[in-house]
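Now for the letters of each chain:
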Amino acid sequence: MTTLFLLLALIATASWITSTVTLRMKALERRADRLEHRLGLVLDHFGIEEPEPAGLDEVRTLVRDGRTVEAMRVYRRVTGADLREAKQAVEAMSVTTAV
């Protein structure tokens, strides 16, 4: 009985910690999104264009050669993007290079 109670208390505590961390992470993500939006507005206001990361020429070459997986890998290394962002960027590059 005592073991069952301790196990339930442990599960409840773990659930509480998990939900607290999840809520905090979502709040931080929303804050980061707002800050990125504001930074974009400031850059637009002053007419500053964000410089292109070095190494995107290699990505474009890989896209032209039809080597999309390698292009995504290099894009991730160069920009620090996650897999989804890299896939979207490489797909967009393949559309623009195909035209």
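Remember, predicted model here, so these are calculated numbers, not experimental data.

### Considering helix α1 (residues 2–45)
Thinking step 1. When the terminal C-alpha atoms of α1 are compared, their 64 Å separation across 44 residues agrees well with the 64 Å that a helix rising 1.5 Å per residue should span.
Thinking step 2. G47 sits one or two residues past α1 and shows a positive phi near 70 degrees.

### Some remarks on the pattern of salt bridges
Thinking step 1. If you walk through the whole model with that rule in mind, you get five salt bridges.
Thinking step 2. Among the salt bridges present, the one from E70 reaches R67, with a minimum N-O distance of 4.0 Å.
Thinking step 3. In this structure E70 comes out as partly exposed when scored by relative accessible area, which is 29%.
Thinking step 4. Assessed through its relative accessible area of 40%, R67 is described here as partly exposed.

### Thoughts on a nonpolar patch on the surface
Thinking step 1. A cluster of nonpolar side chains, M1, L4, L7, L8, L10 and I11, forms an exposed patch at the surface whose accessible area comes to about 680 Å².
Thinking step 2. Tracing the backbone through its elements, the reader meets L8 in helix α1.

### What about helix α2 (residues 56–64)?
Thinking step 1. Three or more residues of α2 are buried, namely L56, V59, L62 and V63. The buried residues of α2 occupy one face: seen down the axis, they fall within an arc of 115 degrees. Projecting away from the buried face of α2 at angles above 90 degrees are the exposed residues D57 and R64.
Thinking step 2. The first or second residue beyond α2 is G66, which carries a positive phi of 80 degrees.

Conventions and cut-offs
Residues numbered from 1 in each chain as written. Predicted model: local features only at pLDDT ≥ 70, side-chain atom pairs only at ≥ 80, totals over all residues. Heavy atoms only, no water. Helix = DSSP H or I, 4+ residues; strand = E, 2+ residues; numbered from the N terminus. Expected span 1.5 Å × (residues − 1). Salt bridge = Lys/Arg side-chain N within 4 Å of Asp/Glu carboxyl O. Buried < 20%, exposed > 50% of the residue type's maximum accessible area, 1.4 Å probe, protein only. Patch = residues over 30% accessible without salt bridge, like charges linked within 9 Å, V, L, I, M, F, W, Y side chains within 5 Å. Areas by Shrake-Rupley, 256 points an atom, 1.4 Å probe, with all protein chains shown as cover. Arc of directions from axis to C-beta.

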